[in-house]
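Residues per chain, in single letters:
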Amino acid sequence: MSATQTTQIEIIKATTTKINEVDFNNLSFGSVFTDHLFECDFKNGEWQQPVIKPYAPFLIDPSTRVFHYGQAIFEGMKAYKNEADEIWLFRPDENYNRFNKSAVRMAMPEVPEDIFMNGLQQLLHLDEAWIKKGKGNAMYIRPFMIANGTGVIANPSDDYKFMIILSPVTSYYAGDVKVLIAEHYSRAANGGIGAAKAAGNYGAQFYPTTLANQQGFQQVIWTDDATHTKLEEAGTMNVFFRINNTLLTAPVSERILDGVTRKTLIELAKSEGINVEVRSVLVDELVAAAKDGSLQEIFGAGTAAVVSPISGFSYKDEYFELPKSETTVASQLKEKLTNIQNKLEEDTFGWTVKI
Ligand SMILES: *Cc1c(COP(=O)(O)O)cnc(C)c1O
């Protein structure tokens, strides 16, 4: 990683630790946080003194812009500990670059690399006892930035707050995931903010997802906003289809987020000799493949769950159950990827970075 130390981070250590209260075998995703957080404010056109301090709630003025105009972005990444107690990140430059792309789209200042990377590394080292070894265990990292200026004036804020918080996670099985293919609602539109990791994208998904939940589906497969004929993402994950032994996924676009897991799985699948095609996949094609038996798998891909197999989908009130198989490409790729991430298998791709 190319981060150079230019800014000295002020460190205020917590006087006690919460670690003994945590049951690391029963973690519910993203609900437990470590002892410290990283914070850096942007004021008067400049990034201020970065600080690592005890994790705690903070006061914020009710007129703060983030509450009213939704200028908020985030990232999701993971750190891993190997058997030698070393800490590793997975393709962190991808997250850093994407964070700043999101910042630009939301008219927010870009975060300098040394603030992001050194902040992240020092925070992880300080709370390293919270990172557990072993397959599936990881530290989920949530960098985020909010508009921190006050006043209910519909302009970009002058002040921003960048923070990193850490949440220990273990691998989880999402259970049976049935999805509903969207016929009306959209996650993103051309010219919109679908390619940014903007908080508002998630807020906008909750209502249609809740409607799908009420019909017995766990997630929505989003289709393109203009025609609803192209399959784009599954919930908050990129989506893959396996039809006739070919793995298919849509190209990234203004509507489809450029997922690190997605691009990693494409490369991994190719290296495993799996036929991969990056192209638009049509709803009609999926329905036809489900009917003629050539549809083998659908799975979501993202940092949190890595790979999330889908057991069936519904379109226009017709439900299609996917074939059950012991040997799926989803589990093959998940195994390979988590082995590389947890340093249980050699990383011949150069994706893992020791900190
Ligand atoms: C974060 C995200 C993904 C997955 O990206 P990863 O880099 O693989 O974690 C996919 N789709 C959306 C909409 C997302 O916000």
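Let me sum up the structure you'll find in this document. Just so we're clear, the structure is a prediction, and the values are computed from it rather than from any experiment.

### Digging into the nonpolar core
Proteins that are soluble and globular tend to have nonpolar side chains buried together. Of all hydrophobic cores here, the largest spans 48 residues; its most connected members are Phe-38, Phe-116, Leu-124, Ile-141, Met-145 and Phe-162. Once residues within four sequence positions are removed from consideration, Phe-162 is found in contact with Phe-38, Glu-39, Cys-40, Trp-47, Phe-99, Val-111, Ile-115, Phe-116, Pro-143, Phe-144 and Met-145. One finds Tyr-140, Ile-266, Val-276 and Leu-337 within the second-largest nonpolar core, a separate group that totals 24 residues.

### Comments concerning the site of the ligand
In the vicinity of the ligand there are 14 residues, among which Lys-197, Tyr-202, Glu-233, Thr-261 and Thr-303 approach most closely. Between Lys-197 and the ligand, the recorded distance is 2.7 Å, taken from a side-chain N or O atom to an oxygen atom. Tyr-202 has a polar side-chain atom sitting 2.4 Å from an oxygen atom of the ligand. When the ligand sits alone it has 380 Å² of accessible area, and the protein chains cover 96% of it. Elements with a contribution of two residues or more to the shell around the ligand: β13 (237-243) and α5 (260-271). By residue class, the composition of the shell around the ligand is four nonpolar, six polar and four charged.

### Structural notes on the pattern of salt bridges
Scanning the entire structure with this criterion turns up 20 salt bridges. One salt bridge in this structure joins Glu-272 and Lys-336, with 3.7 Å as the shortest N-O distance. Placement of the pair is Glu-272 in the loop between α5 and β15 (275-278) and Lys-336 in helix α7 (residues 329-341), with a sequence separation of 64 residues. Owing to a relative accessible area of 32%, Glu-272 belongs among the partly exposed residues under this scheme. Taken together, the shared-partner salt bridges in this structure form one network comprising Arg-91, Glu-94, Asp-258, Lys-263 and Glu-267.

### A closer look at helix α2 (residues 92-105)
For α2, which comprises 14 residues, the first-to-last C-alpha distance of 20 Å matches the rise-based estimate of 20 Å (1.5 Å per residue) to within 8%. Considered for burial, the residues of α2 that qualify are Pro-92, Asn-95, Tyr-96, Arg-98, Phe-99, Asn-100, Ser-102 and Ala-103. A positive backbone phi angle near 55 degrees is found at Ala-107, which sits one or two residues after α2.

Rules and cut-offs
Every chain's residues receive numbers from 1 upward, in the order its sequence appears when written. In view of the model being predicted, local features appear only for residues whose pLDDT reaches at least 70, and side-chain atom pairs are presented and counted only at 80 or more, with totals across whole chains, interfaces and linings using the full set of residues. Calculation of side-chain values draws on the structure's entire complement of heavy atoms; hydrogens and water are dropped beforehand. We define the nonpolar core as a collection of buried residues of types Ala, Val, Leu, Ile, Met, Phe, Trp, Tyr and Cys that are connected through side-chain atoms lying within 4.5 Å of one another. Think of it in three bands: with a 1.4 Å probe and only protein chains considered, a residue is buried below 20% of the maximum accessible area for its type, exposed above 50%, and partly exposed in between. Any two residues whose heavy atoms approach within 4.5 Å are treated as being in contact. Note on terminology: near, applied to a residue and a molecule or strand, indicates that one of the residue's heavy atoms is within 4 Å of it. Two N or O atoms count as a polar contact when they lie within 3.5 Å, although within protein this holds only if one can serve as hydrogen donor and the other as acceptor, and sequence-adjacent residues are included solely when both atoms are side-chain atoms. Computed by Shrake-Rupley with a 1.4 Å probe, the accessible areas treat only the displayed protein chains as cover when residues are assessed. Secondary structure counts use DSSP, requiring at least four H or I residues in a row for a helix and at least two E residues in a row for a strand, with both numbered from the N terminus. Following the grouping adopted for this structure description, the nonpolar residues are Ala, Val, Leu, Ile, Met, Phe, Trp, Tyr, Cys and Pro, the charged ones are Asp, Glu, Lys and Arg, and the polar ones are all others, Gly among them. By convention in these notes, a salt bridge is any Lys or Arg side-chain nitrogen within 4 Å of a carboxyl oxygen on Asp or Glu. Here the expected length of a helix is defined as 1.5 Å per residue gap, with one fewer gap than residues.

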